[in-house]
Amino acid sequence: MKRYESTLFNPVLVVALMHLCLMMTCGFYWIPGAQAFGSFVNQKNNNQERINHMSSRGTSPAWTVTHSNSVVSSSNMMRATRLSPRQGAGIITTASTKLKMAVGEMPFFAQMQPPPKEGTASITTRLPLGNIFESRDYIFSTATNVRSYEWTLKEAEELLDDLLDASNGILSRDVPKQDYELSQIVLVPMEWDRELYGLGNRYDVHDGQQRLVTLCLLFAALRESFAKDEGMDDTAMELAGMLNPPKVRKADLVRIELNKRDNEVLGHILKNDLKEMDHLNLKKMTKANQRIYENYKQFVARIDEMEKSEKVKFLDYLVENVYMLVCIPESATIARSLVMSQGKGKDNEPIDDFKGLVCFRYTSEEDNMYKTFDAWDKLAAVLDLDNGSVGRNTVSDACLLRATAELRTKIRKRDQVYSLERWLRMDVVENRHEGHVFYKKKVEPASLLLGQYREGTFNLFGFYARSKGSQVWKSIVMRLRFLRELTNNIPATKEVEVVILELLLRAGASEGSKPMSLSDLDRYLHEVEQLALWMALTKPSATLRSQRLFDALDKIYNDNKKQNFQVMSQEDKSSLREALVITEFGSSASGKKIAIAILKRLNTFVLAQEDGKEDHIMASTETYLESILPIQGSKKAWGDSWPDPNERDKWVNRLGNLAILNRKATAREAKMAFVDKKMRYANEIYPLTSRIAKMEQWNSTNLVKHLASIVALIDQVWGL
């Protein structure tokens, strides 16, 4: 009792109560806050009654650990004394009403979770199952969870065997009967309609879905078995109340709900509608429904084999001696971090949480929910562009790139779910539609275009049909192939995809706007090439990179075509030009990849100018880099042209001494003298490489001449 008394008379709470009383006196009613406060006070009383009840049964009271830097430690109290963005706008809401603002109707969904701040609370309470299942204090939902019920008979029977062994004292020889710890569950508070359901709380299950559902099936099997035993009607009714907690004059509900498609069998079991369950066609139902049915039937068979006294002993043990750590963080973001830090949810990423928001929380009609869910599953399946599948990572990247572009903010890893929901919410509020429309207009087009770009299948772009083999299309393809080489292989340029994807969406009119002309697309990509190369070679700070990217997006958005579209300053171009000359590309793996991309782009340009045979290079899947003057070689290989080792070291890794080949040289061939390499170079498809073979010798003079020709081509291609 002491903990609650000290909390209730906290100065922060006193101020909040005075504020609440003043509002009511003046005729202003803050309904959500008032409900939250009432819920806390009643929760306090319920907790004390529970402790008294446990003490009367000889059970030690539950202990609570609170992690918080704030004055108010209870998460319920914090919700009672803090105005959320929705409440601050003066919005009155219940679970069954749509949100409204002064400008008109808002979508029906609940408020967005802000990112966690210092001082937010995370409460962990050790509770026996009897307390968790005895009232409406803990009602669970996994309706927005993209994972379904996955436990098979193997996992379900392992849990049952473990619990039976513990109840019989088999787990420990020294202690005949000891408490059984069923590990931690992580819950996030959800909206609760107090008028409809009375006092209680509903929680979104972030960790513990498999265990909670399986425990419900076990209690349901005990309920059915006791109903067959003479004189055990009260016990059967007690178990029924644990699964379907009654409340006079209030609506019925069940202990836990899965998403609607997976909840059919479980719903019948929890409500004790077993006759209705017999009419279900399990073959046409989801795997989750089938597993729930199989596990329940197996539990019933196992429990029916036990004597009545054994069942009573087992039930008492479950209710009084099986404990869970119930962790209730302040926000979904903190909950996800907790789950990941425990080594659980390893396959669950921010994009999966976002998928749940789009498909379920921001979509109202059940039919639209599951159509969107299935469409998302297909989109995120293993890469198969012909069938519209790009993989989960590409969907995730596409969503983050579009959120970055539309919010004009760099998204940190810890804020991904929050930022994605901001993007979602901004769109559905502005356009007055729901999650399923957002998916069709935003998620799917961006994901498909990004997948096609990354795989280099530009002919699958929706706007390809209007190119008709034009010269501008060939120029666009050359630019995109160069950008793809960089963004796929050089981490420092990965962020450029945010601008590339913006341009591809505009060219395809994917979001309903007038399509960008191909000539404009080519004009923009010319500048983006420079930007990507500048990022790769000059290695600007993260802040400067973000600034350049957002400047590019702003200029694309506001471009009136009266002025040249330019992202790079003259200073940027000068630093890039210098980096192209002095960078030692051959000394690192990333440098070699950049050199290959540059030389391939220049060779493609030369072929396009000469005879239009650039397709030969585009079709080449393998490209190799070789130092003309070998990095390691004999005195004969270096020859009389390079007597000074300092001069050799100065030039050996620079762009002027590098050539690309379509066949990898052997170690012996790479170390040969220039005179022996000329024959291989002469047969190359790359024109800049074959031109080198026309030189009599490879000395510093010819190297500088070759570098000068490369720089001249660079000026032609990128106008530096």
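All figures in this text were calculated on a predicted structure; none of them were measured in a lab.

A few points about the overall build of the chain
Part 1 of the reasoning: Scanning the chain from N- to C-terminus turns up 33 helices and eleven strands.
Part 2 of the reasoning: The 720 residues of the chain split such that 52% are buried.
Part 3 of the reasoning: Put simply, 73% of the contacts in the chain that link residues at least 6 apart link residues at least 24 apart.
Part 4 of the reasoning: When the accessible surface of the chain is totalled, it reaches about 34000 Å², and 51% of it is carbon and sulfur.

Comments concerning the pairing of strand β4 (residues 122–128)
Part 1 of the reasoning: Of all seven residues that make up β4, seven are buried, and the element is covered over most of its length.
Part 2 of the reasoning: Residues Ser122, Thr124, Arg126 and Pro128 of β4 are buried on one face, and the alternating residues Ile123, Thr125 and Leu127, pointing to the opposite face, are buried as well.
Part 3 of the reasoning: Where β4 and strand β9 (residues 322–329) come together, seven bridges link them in antiparallel fashion. The residue bridging serine 122 from the neighbouring strand is proline 329, located in β9.

So, the packing of aromatic side chains
Part 1 of the reasoning: Taken as a whole and assessed by the stated rule, the structure comprises 16 aromatic pairs.
Part 2 of the reasoning: Judged by centre distance (5.7 Å) and plane angle (65 degrees), the ring pair of phenylalanine 360 and tyrosine 370 falls under edge-to-face. Pair noted here: phenylalanine 360 is in helix α16 (residues 350–361) and tyrosine 370 is in helix α17 (residues 366–379), with a separation of ten residues, a long-range link. No difference in accessibility class separates phenylalanine 360 from tyrosine 370, as the two residues are buried.
Part 3 of the reasoning: Taking 5.6 Å as the distance between ring centres and 25 degrees as the angle between the ring planes, the aromatic pair formed by tryptophan 376 and tyrosine 439 counts as stacked.

Observations regarding the side chain of lysine 573
Part 1 of the reasoning: The topology assignment puts lysine 573 in helix α25 (residues 570–582).
Part 2 of the reasoning: There is no salt bridge for the buried lysine 573, and the closest opposite charge comes from glutamate 527, which lies 4.8 Å off by N-O distance.
Part 3 of the reasoning: In this structure, lysine 573 is in contact with Gln530, Gln566, Met568, Gly719 and Leu720, ignoring residues within four places of it in sequence.

Looking at the environment of leucine 163
Part 1 of the reasoning: With respect to the secondary-structure elements, leucine 163 resides in helix α7 (residues 153–167).
Part 2 of the reasoning: Taking C-alpha positions, leucine 163 is 8.7 Å from tyrosine 317, a pair spaced 154 residues apart along the chain.
Part 3 of the reasoning: With residues near it in sequence (within four places) discarded, leucine 163 still touches Tyr180, Leu215, Leu218, Phe314, Tyr317, Leu318 and Val322.

Quick word on the packing of helix α23 (residues 518–538) against α25
Part 1 of the reasoning: Where α23 contacts α25, the axes come no closer than 10 Å and their chain directions differ by 60 degrees. One way to sum up the angle between α23 and α25 is to call them oblique. Helix-helix and strand crossings are classified by hand; for α23 and α25 the assignment is left-handed. Two secondary-structure elements touch here, α23 through Gln530, Leu533, Trp534, Leu537 and Thr538 and α25 through Asp572, Lys573, Ser575, Leu576, Ala579 and Leu580.
Part 2 of the reasoning: Each residue belonging to the contact of α23 with α25 can be placed in one class, and the counts come to six nonpolar, three polar and two charged.

Topic: the environment of glutamate 181
Part 1 of the reasoning: Tracing the chain through its elements places glutamate 181 in strand β6 (residues 180–189).
Part 2 of the reasoning: You can call glutamate 181 partly exposed: its relative accessible area is 44%.
Part 3 of the reasoning: It is 8.5 Å that separates the C-alpha atoms of glutamate 181 and asparagine 321, two residues lying 140 residues apart in sequence.
Part 4 of the reasoning: Dropping the residues within four chain positions of it, glutamate 181 is found in contact with Arg126 and Tyr323.
Part 5 of the reasoning: Of note is the side chain of glutamate 181, whose polar atom sits 2.7 Å from the side chain of arginine 126.

Quick look at the environment of lysine 250
Part 1 of the reasoning: Along the chain, the position of lysine 250 falls in the loop between α10 (233–243) and β8 (256–257).
Part 2 of the reasoning: The partly exposed category is assigned to lysine 250, whose relative accessible area is 30%.
Part 3 of the reasoning: Between the C-alpha atom of lysine 250 and that of leucine 196, which follows or precedes it by 54 residues, the distance is 5.9 Å.
Part 4 of the reasoning: When sequence neighbours within four positions are dropped, the list of residues in contact with lysine 250 reads Arg136, Arg194, Glu195, Leu196, Tyr197 and Gly198.
Part 5 of the reasoning: A polar atom in the side chain of lysine 250 sits 3.0 Å from the backbone oxygen of glutamate 195.

Concerning the packing of helix α20 (residues 435–455) against helix α22 (residues 497–507)
Part 1 of the reasoning: As a packed pair, α20 and α22 sit with axes 10 Å apart at the nearest point and diverge in direction by 115 degrees. Here α20 lies roughly perpendicular to α22, going by the angle between them. Here α20 and α22 pass one another in a crossing that is right-handed. Mapping the contact onto sequence places Pro445, Ala446, Leu449, Leu450, Tyr453 and Arg454 in α20 and Glu497, Ile500, Leu501, Leu504 and Leu505 in α22.
Part 2 of the reasoning: Here the residues of the contact of α20 with α22 sort into nine nonpolar, no polar and two charged.

Notes on α10
Part 1 of the reasoning: Thr235, Ala236, Leu239, Gly241, Met242 and Leu243 are the residues of α10 that are buried.
Part 2 of the reasoning: Next to the buried residues of α10 lie α9 (209–228), α11 (264–270) and α14 (308–321).

A short note on a negative patch on the surface
Part 1 of the reasoning: The grouping of Asp233, Asp234, Glu238 and Asp316 at the surface amounts to a negative patch.
Part 2 of the reasoning: Looking at the secondary structure, you find aspartate 233 in helix α10.

What to know about unusual backbone geometry
Part 1 of the reasoning: Although it is not a glycine, arginine 408 adopts a positive phi angle of roughly 55 degrees.
Part 2 of the reasoning: Note that arginine 408 resides in the loop between α18 (392–407) and α19 (416–431).
Part 3 of the reasoning: By relative accessible area, which is 30% here, arginine 408 ends up partly exposed.
Part 4 of the reasoning: Of note in this structure, lysine 539 is not a glycine but carries a positive phi near 50 degrees.

Comments concerning the confidence of the model for the chain
Part 1 of the reasoning: Looking at the chain as a whole, the pLDDT averages 79, with 77% of positions reaching at least 70.
Part 2 of the reasoning: Of the regions scoring below 50 in pLDDT, residues 1–110 engages in 166 contacts with residues more than four places distant in sequence or in other chains.

A short note on the pairing of strand β7 (residues 202–207)
Successive side chains on a regular strand alternate, one facing one side of the sheet and the next facing the other.
Part 1 of the reasoning: Taking burial as the measure, the six residues of β7 include five buried ones, the bulk of the element.
Part 2 of the reasoning: Bridge analysis of strand β5 (residues 139–141) against β7 gives three bridges, and the strand direction is parallel. By the bridge assignment for β7, phenylalanine 140 is matched with tyrosine 203.
Part 3 of the reasoning: Both β6 and β7 contribute to a ladder of four bridges, which runs antiparallel. Bridge assignment links leucine 187 to a residue of β7, and that residue is valine 205.

Observations concerning the pattern of salt bridges
Part 1 of the reasoning: The full count for this structure, using the stated rule, is 38 salt bridges.
Part 2 of the reasoning: Across the pair glutamate 181 and arginine 126 runs a salt bridge whose closest N-O atoms are separated by 2.7 Å. Within this pair, whereas glutamate 181 is found in strand β6, its partner arginine 126 is found in strand β4, the two being separated by 55 residues in sequence.
Part 3 of the reasoning: Where aspartate 522 meets arginine 479, a salt bridge forms, and the shortest distance between an N and an O atom there is 2.8 Å.

Some details on the side chain of asparagine 653
Part 1 of the reasoning: When you line up the elements, asparagine 653 lands in the loop between α29 (645–651) and β11 (658–661).
Part 2 of the reasoning: A relative accessible area of 12% means that asparagine 653 is categorised as buried.
Part 3 of the reasoning: Sequence-distant contacts of asparagine 653, that is, excluding residues within four places in its chain, are made with Thr583, Glu584, Phe585, Gly586, Ser587, Ile631 and Leu658.

About the cut-offs
- Residues numbered from 1 in each chain as written.
- Predicted model: local features only at pLDDT ≥ 70, side-chain atom pairs only at ≥ 80, totals over all residues.
- Heavy atoms only, no water.
- Helix = DSSP H or I, 4+ residues; strand = E, 2+ residues; numbered from the N terminus.
- Buried < 20%, exposed > 50% of the residue type's maximum accessible area, 1.4 Å probe, protein only.
- Contact = heavy atoms within 4.5 Å.
- Areas by Shrake-Rupley, 256 points an atom, 1.4 Å probe, with all protein chains shown as cover.
- Pairing = 2+ DSSP bridges.
- Phe/Tyr/Trp six-rings, centres within 6.5 Å; stacked < 30°, edge-to-face > 60°.
- Lys, Arg positive; Asp, Glu negative; His and termini not counted.
- Salt bridge = Lys/Arg side-chain N within 4 Å of Asp/Glu carboxyl O.
- Axes fitted to C-alpha atoms, helices over the stretch in contact; angles between N-to-C directions.
- Parallel < 35°, antiparallel > 145°, perpendicular 65-115°, else oblique.
- Left-handed = near helix turned anticlockwise from the far one by under 90°.
- Nonpolar A, V, L, I, M, F, W, Y, C, P; charged D, E, K, R; others polar.
- Polar contact = N/O pair within 3.5 Å; in protein donor to acceptor, adjacent residues only side chain to side chain.
- Patch = residues over 30% accessible without salt bridge, like charges linked within 9 Å, V, L, I, M, F, W, Y side chains within 5 Å.
- Charge placed at Lys NZ, Arg CZ, Asp CG, Glu CD.
- pLDDT = per-residue confidence, 0-100.

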